[in-house]
Amino acid sequence: MTDLTRLAASAPAEDVVAALTRDGAVIVHDFLGPEALSRFNTELDPLLAAAEPDHGGEFVNTVIAAFYGDAVRHVTGLAGKSQAFVDEVLQHPLYDAVCRSVLGPVCAQHLLNVGQVMDRGPGAERQILHRDRQTWNHVPPSLGEIEVSSVIALRDFTADNGATVLAPGSHTWPWDRKAEEHELVVAEMPAGSAVVYLGNTVHAGGANTTADTWRRGIHVSFCAGWLRTEENQYLVTGPEQAVRLSAQARALLGYTAHDAIMTGGGYLGTVELVSPDTLLDAGRL
Ligand SMILES: O=C(O)CCC(=O)C(=O)O
Ligand SMILES: [Fe+2]
């Protein structure tokens, strides 16, 4: 396969899901329309200007420091920092449809796992090829998909400025199978497009070999609602912000209990034995 299937955001969600589950990844053009893109980029400009590529050396550990390198600017916790992210990305109807289809069979409600800008700068090396689902290595691969991931291009993505590379079909490979170079495709796409891929799909942020072009993208992923999320969304968006958000946004950030009682499971994430959003509405949180 030399390229991924490319669909318009207006395509039926079933078509997106069909390509995604067949190939492990799909490119969606015009995922963000021109106005949403411009609004989002304007909000991000000052945040990125203040972001240091090496994070002042502050990473959770040295492996992550090596994974991100020192040429990538991050703006993390977007749900708490950008209203455009909440309005245009977090609640995007296509994410909703895809996550309900892919993650619905394994959870009562999916959650935002990561929402962060990855602005790959000149000199950024290709990330180690990985599967985002490795985050939860204690969950047996036999369970199948527990994560839907994506990278949205906020500037044009090209092969030389660090566009994401992916191995189509790798979501069905044995867990320990490595990708060969010839099996990789580059998600070149115009600003506003997104590459959506499964947690089991092998991929990496690409190398930026340009002299002066930053590859501005956002990494957005959703996971089954009974998993611990990479970004601590309760602290990213505290109750004082969550109280002003829609029911959908609150649910995606974990302010709704994960209630699997009717399918023979239990409940997760309550406060005083009720769903936190009930307390938010009552002014008790
Ligand atoms: O920025 C990209 O293109 C991909 C980033 C990624 O795969 C990751 O950080 O897990
Ligand atoms: Fe990744």
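Computed from a predicted structure; not experimentally measured. (Residues numbered from 1 in each chain as written. Chains lettered and ligands numbered in written order. Predicted model: local features only at pLDDT ≥ 70, side-chain atom pairs only at ≥ 80, totals over all residues. Heavy atoms only, no water.)

Q: I keep staring at the pattern of salt bridges and nothing clicks. Help me out?
A: Think of it this way: side chains of opposite charge can pair up when their charged atoms draw near. Scanning the model with the defined rule gives eleven salt bridges in all. With a shortest N-O distance of 2.8 Å, R126 and E181 are connected by a salt bridge. Of this pair, R126 sits in the loop between strand 4 (110–120) and strand 5 (147–153) while E181 sits in the loop between strand 6 (165–166) and strand 7 (185–186); the two residues are 55 residues apart in sequence, bridging distant segments of the chain. Exposure remark for R126: the relative accessible area of 33% places this residue in the partly exposed category. We note a salt bridge from D281 to R250, for which the minimum N-O separation is 3.1 Å. Here D281 is found in helix 10 (residues 276–281), whereas its partner R250 is found in helix 9 (residues 247–253), with 31 residues between them in sequence. By relative accessible area, which is 7% here, R250 ends up buried. (Salt bridge = Lys/Arg side-chain N within 4 Å of Asp/Glu carboxyl O. Helix = DSSP H or I, 4+ residues; strand = E, 2+ residues; numbered from the N terminus. Buried < 20%, exposed > 50% of the residue type's maximum accessible area, 1.4 Å probe, protein only.)

Q: Quick question: what am I supposed to make of the packing of aromatic side chains here?
A: Each aromatic ring pair is summarised here by two numbers: the centre-to-centre distance and the angle between the ring planes. Inspection of the entire model under this criterion finds six aromatic pairs. Summarising the aromatic geometry, the rings of F40 and F85 are spaced 6.4 Å apart at their centres and angled 40 degrees between planes, so their arrangement reads as tilted. With F40 in helix 2 (residues 34–49) and F85 in helix 5 (residues 83–90), the pair connects residues that are 45 residues apart, well separated along the chain. Across this residue pair, the class does not change: F40 and F85 are buried. Ring-pair connections join several aromatic residues into one group, and the members of that group are F31, Y95 and F222. Sitting above the plane of the W214 ring, R73 keeps its charged end 4.2 Å from the centroid. (Phe/Tyr/Trp six-rings, centres within 6.5 Å; stacked < 30°, edge-to-face > 60°. Lys NZ or Arg CZ within 6 Å of the ring centre and 35° of its normal.)

Q: Which parts of the structure should I look at to understand the packing of helix 2 against helix 5?
A: When two helices pack together, their arrangement is given by the angle between the helix axes and by the axis-to-axis distance. Where helix 2 meets helix 5, the axes come as close as 9 Å, and the angle between the chain directions of the two elements is 150 degrees. What the angle tells us is that helix 2 and helix 5 run roughly antiparallel. By crossing handedness, the relation of helix 2 to helix 5 is classed as left-handed. Residues A36, R39, F40 and E43 of helix 2 pack against Q83, A84, F85, D87, E88 and V89 of helix 5. Of the residues belonging to the contact of helix 2 with helix 5, the class tally is five nonpolar, one polar and four charged. (Axes fitted to C-alpha atoms, helices over the stretch in contact; angles between N-to-C directions. Parallel < 35°, antiparallel > 145°, perpendicular 65-115°, else oblique. Left-handed = near helix turned anticlockwise from the far one by under 90°. Contact = heavy atoms within 4.5 Å. Nonpolar A, V, L, I, M, F, W, Y, C, P; charged D, E, K, R; others polar.)

Q: How do you make sense of the coordination of the iron ion (ligand 2) when you look at a structure like this?
A: Octahedral metal centres with six donors ideally show angles of 90 or 180 degrees, and tetrahedral centres with four donors ideally show 109.5 degrees. Every protein donor of the iron ion (ligand 2) is listed here as H130 (NE2), D132 (OD) and H203 (NE2), and their distances to the metal cover 2.1 Å. The sequence pattern describing where the donors of the iron ion (ligand 2) fall on their chain is H-x1-D-x70-H. Pair noted here: D132 is in the loop between strand 4 and strand 5 and H203 is in strand 9 (residues 203–204), with a separation of 71 residues, a long-range link. The exposure class assigned to H203 is buried, which follows from its relative accessible area of 2%. (Donors = N, O, S within 2.8 Å, 3.2 Å for Na, K, Ca; no water.)

Q: I would appreciate a short explanation of the side chain of N161 in the present structure.
A: Within the element layout of this structure, N161 appears in the loop between strand 5 and strand 6. A distance of 2.9 Å separates a polar side-chain atom of N161 from the backbone nitrogen of T158. In this view, N161 contacts R120, D156, A207, N208, T210, T213 and R215; residues no more than four positions away in its chain are not counted. (Polar contact = N/O pair within 3.5 Å; in protein donor to acceptor, adjacent residues only side chain to side chain.)

Q: What should I look at first to understand a negative patch on the surface in this one?
A: Together, E52, D54, D70 and E125 give the surface a local cluster of negative charge. Positionally, D70 belongs in the loop between helix 3 (62–68) and strand 3 (72–75). A residue is classified by how much of its surface remains accessible, and D70, at 59% relative accessible area, is exposed. (Patch = residues over 30% accessible without salt bridge, like charges linked within 9 Å, V, L, I, M, F, W, Y side chains within 5 Å. Areas by Shrake-Rupley, 256 points an atom, 1.4 Å probe, with all protein chains shown as cover. Lys, Arg positive; Asp, Glu negative; His and termini not counted. Charge placed at Lys NZ, Arg CZ, Asp CG, Glu CD.)

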